[in-house]
Amino acid sequence: MAATTEITGMINMLKFMKLIGQLKRVPRTGWVYRNVTKPESVSDHMYRMAMMSLTITDPTMDKDRCIKLALVHDMAECIVGDIAPSDNISKAEKHQREEEAMQHLTGLLPDGLKQEIFGLWEEYETQSSPESRMVKEFDLLEMILQAHEYEELEGTPGRLQEFFDSTNGRFHHPHVLELVRTLNEERGRHVTKTDEVKNTGK
């Protein structure tokens, strides 16, 4: 009986791994809608957020918890896809779909792990801890950093300004604010340089 339970557990774990593997093939919808060539996947996005969490220097933050939150926060998208604001789906409907997906995903895991991962997802959704709020800022920071990189790759400074505009007033942590300031300064130099080239015709 114990052997059968163990085999079932391994089969379910493999199903879980295959499902979250889909995140490598789910493109980030915002970039798709803006006709970005070879848009990043959801797992690309979460990986850099996890690295942002790893580099936190704030001693008041639980770094390990931030990394876990970053790895879990968009996990439901392997089933429901990346639902963007322009998809005209209400926040309540989006949350319900993602909650059902998370229940299905975590239902494949052993009880302790099931509770941990679902709990992390809920913590991020409700923004109920300093770590979840920090990771939300990383979510937004990663988005505008990616937007800047796409502008660089395309040679189209300023094209994705709407993504920057959508984050106005949403950064609060000093560490993140400093990164955003540095990013905006770098981006500003590129935009200014492009404008100068246009004006001189060189």
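Calculation rules
- Residues numbered from 1 in each chain as written.
- Predicted model: local features only at pLDDT ≥ 70, side-chain atom pairs only at ≥ 80, totals over all residues.
- Heavy atoms only, no water.
- Salt bridge = Lys/Arg side-chain N within 4 Å of Asp/Glu carboxyl O.
- Helix = DSSP H or I, 4+ residues; strand = E, 2+ residues; numbered from the N terminus.
- Core = buried A, V, L, I, M, F, W, Y, C linked by side-chain atoms within 4.5 Å.
- Buried < 20%, exposed > 50% of the residue type's maximum accessible area, 1.4 Å probe, protein only.
- Contact = heavy atoms within 4.5 Å.
- Polar contact = N/O pair within 3.5 Å; in protein donor to acceptor, adjacent residues only side chain to side chain.
- UniProt positions renumbered as here; feature names shortened; annotations may be inferred.
- Expected span 1.5 Å × (residues − 1).

### Examining the pattern of salt bridges
Summed over all chains, the structure comprises 13 salt bridges. In this structure, the salt-bridge partner of Glu178 is Arg181, at a minimum N-O distance of 2.3 Å. Residue Glu178 and its partner Arg181 are both found in helix H10 (residues 174-200); the two are separated by three residues, about one turn of the helix. Salt bridges sharing partners connect three or more residues here, namely Arg48, Glu142 and Glu149.

### A look at the nonpolar core
Counting 46 residues, the largest nonpolar core has Trp31, Met102, Leu141 and Ile144 as its most contacted members. Put simply, the parts of the chain that give this core at least two residues each are helix H3 (42-54), helix H4 (63-72), helix H6 (91-106), helix H7 (111-126), helix H8 (130-154), helix H9 (161-165) and H10. In terms of residue count, the dominant contributor to this core is H8 (nine residues). Those residues in contact with Trp31 that lie beyond four places of it in its chain are Val36, Pro39, Glu40, Met143, Gln146, Ala147, Tyr150, Leu160 and Phe163.

### Observations regarding the side chain of His45
Here His45 lies in helix H3. At 3.4 Å, the side chain of His45 forms a polar contact with the side chain of Arg28. Within the local environment of His45, its side chain forms a polar contact with the side chain of Glu142, the two groups lying 2.6 Å apart. Excluding residues within four positions of it along the chain, His45 makes contact with Arg28, Glu40, His73, Asp74, Asp139 and Glu142.

### Some thoughts on the UniProt feature "domain: HD/PDEase" (unreviewed entry) in the protein chain
The residues that UniProt annotates with the feature "domain: HD/PDEase" (unreviewed entry) are residues 38-153. The distance from the first to the last C-alpha atom of residues 38-153 is 11 Å, and the span holds 72% helix and 0% strand.

### Regarding the environment of Val26
Relative to the elements of secondary structure, Val26 occurs in the loop between helix H1 (2-21) and helix H2 (29-33). Setting aside its immediate chain neighbours within four residues, Val26 contacts Glu40, Ser41, Val42, Glu77, Gly81 and Asp82.

### Some thoughts on H7
For H7, with 16 residues, the first-to-last C-alpha span of 22 Å sits near the 22 Å given by 1.5 Å per residue. For H7, the set of buried residues is Ile117, Phe118, Leu120, Trp121, Glu123 and Tyr124. Count one or two residues on from H7 and you reach Gln127, which has phi positive near 55 degrees.

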